[in-house]
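# What the coordinates show
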Amino acid sequence: LVEALGKERKRRKDWRGEGRKVCVEYWHSATRLDTNPRKRKRIRIGRAKYKEHWRHIQFDTNEAMAMQFFQSAEYSDYINRGGLPFKEDIFYECKCKCIEQAGFEECAFPTCTM
């Protein structure tokens, strides 16, 4: 199995963890920060343990964010450092709970779009 995959299990696991860190950082940097103090998100991380994040607003779809990530400098730097490539599912899993999809729609009225 090691010969087939090229790297031992511990090294593969370490690089996947590093890739997840890159994804989490990208999600937070590519979304807009909502600084309204009433909009902080309380995220449960264990039994009676919480952390608070500022809410982030995502304007693109998850698929568009994934396309931007895989073409970004952060992902290429990760690969150049020896990181292992991964698919979109790992990128989607790394989306923090503080990130919400924008709840507005663009008006299609001709005078508004001009």
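First things first, this report covers the structure right here in the doc. (Residues numbered from 1 in each chain as written. Predicted model: local features only at pLDDT ≥ 70, side-chain atom pairs only at ≥ 80, totals over all residues. Heavy atoms only, no water.)

Turning our attention to the sheet that holds strand β4 (residues 55–58). Ordered by their spatial adjacency, three strands build an open sheet running β1-β4-β5, and the pairing between neighbours is mixed. The sheet is open, and its two borders are formed by β1 (32–34) and β5 (99–101), each paired with just one other strand. Adjacent strand axes in the sheet meet at a mean angle of 40° when their direction is disregarded. (Pairing = 2+ DSSP bridges. Helix = DSSP H or I, 4+ residues; strand = E, 2+ residues; numbered from the N terminus. Axes fitted to C-alpha atoms, helices over the stretch in contact; angles between N-to-C directions.)

Structurally, the position occupied by R40 is in the loop between β1 and β2 (41–46). On the basis of relative accessibility, which here comes to 34%, the residue R40 falls in the partly exposed class. Expressed as a C-alpha distance, the spacing of R40 and R55, which sit 15 residues apart in the sequence, is 5.4 Å. In this view, R40 contacts E52, H53 and W54; residues no more than four positions away in its chain are not counted. In terms of polar contacts, R40 uses its side chain to reach the side chain of E52, at 3.5 Å. (Buried < 20%, exposed > 50% of the residue type's maximum accessible area, 1.4 Å probe, protein only. Contact = heavy atoms within 4.5 Å. Polar contact = N/O pair within 3.5 Å; in protein donor to acceptor, adjacent residues only side chain to side chain.)

Moving on, we get to the nonpolar core. Core analysis: the biggest nonpolar cluster contains 18 residues, and C23, W27, F69, Y78, F86 and F91 have the highest contact counts within it. Listing elements by their share of this core, those giving two or more residues are α2 (9–30), α3 (62–70), α4 (73–80) and α5 (88–93). Counting residues per element, this core draws most heavily on α2, at four residues. (Core = buried A, V, L, I, M, F, W, Y, C linked by side-chain atoms within 4.5 Å.)

Turning our attention to the environment of G19. Inspection of the secondary structure assignment puts G19 in helix α2. Expressed as a C-alpha distance, the spacing of G19 and P85, which sit 66 residues apart in the sequence, is 8.3 Å. Among residues more than four places away in sequence, those in contact with G19 are Y78 and F86.

Let us look at α3. Turning to α3, its buried residues are M65, A66 and F69. Down the axis of α3, the buried set is contained in an arc of 100°. They therefore lie on one face. (Arc of directions from axis to C-beta.)

Residues other than glycine seldom take positive phi values, yet A48 does so here, at roughly 60°. Mapped onto the elements of the fold, A48 is located in the loop between β2 and β3 (49–53). A48 gets classed as exposed once you look at its relative accessible area, which sits at 66%.

One pass over the structure, following the stated rule, counts six salt bridges. Between E52 and R40 there is a salt bridge; the shortest N-O distance is 3.5 Å. Taken as a pair, E52 in strand β3 and R40 in the loop between β1 and β2 lie far apart in primary sequence, twelve residues in all. On the accessibility criterion, E52 (46% relative accessible area) is partly exposed. (Salt bridge = Lys/Arg side-chain N within 4 Å of Asp/Glu carboxyl O.)

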